[in-house]
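An overview of the molecular structure
Spelled out, the chains give:
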Amino acid sequence: MPSLTTPIALIKHCAAAERVWFQRTVGGLEESQCDGYARGDDQSWVVPPEQPLEETIVEYEAAAERSRAIARTALEGDVFVHYRRGAVSFSWICAHMIEELARHAGHADILVEQILAADRGRCS
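Residues numbered from 1 in each chain as written. Predicted model: local features only at pLDDT ≥ 70, side-chain atom pairs only at ≥ 80, totals over all residues. Heavy atoms only, no water.

Quick notes on the pattern of salt bridges
Per the stated rule, a full pass over the model turns up ten salt bridges. In this structure, the salt-bridge partner of Asp35 is Arg19, at a minimum N-O distance of 2.7 Å. Of this pair, Asp35 sits in the loop between α1 (7-26) and α2 (53-71) while Arg19 sits in helix α1; the two residues are 16 residues apart in sequence, bridging distant segments of the chain. Between Arg39 and Glu31 there is a salt bridge, and its shortest N-O distance comes to 2.9 Å. We classify Arg39 as partly exposed; its relative accessible area is 36%. Relative accessible area serves as the criterion here: at 25%, Glu31 is assigned to the partly exposed category. If you follow the salt bridges from partner to partner, you end up with Lys12, Arg19, Asp35, Glu59 and Arg66 in one network. (Salt bridge = Lys/Arg side-chain N within 4 Å of Asp/Glu carboxyl O. Helix = DSSP H or I, 4+ residues; strand = E, 2+ residues; numbered from the N terminus. Buried < 20%, exposed > 50% of the residue type's maximum accessible area, 1.4 Å probe, protein only.)

Read these as layout, nothing more, since geometry by itself doesn't imply function.
This is the structure in structure tokens:
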């Protein structure tokens, strides 16, 4: 199986992470009520071949906006139950999401470097 770590898949996965942590965990929504895939498994990285980059970006932006709306309903000390991790505080969720996005931004930087290096190799 080829790697699921591609620039567009990073965006798709981050949208799923927003849904998992804010729509499902903080908002208490059932997975079926979320505005897209809402699990943190390998499927969260899969982008249908017909889905363009622009649509994937819009999907992430919508998930992030919904996260912000849900986050405004929570207090720092509130505790929520995540379907795999158990009880976590709202402040932990916020810190975790910063970590998650930062990690994937780093992955994106590495991918850009690899793409540029491969392109330079073709131009030689």
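The discussion continues.
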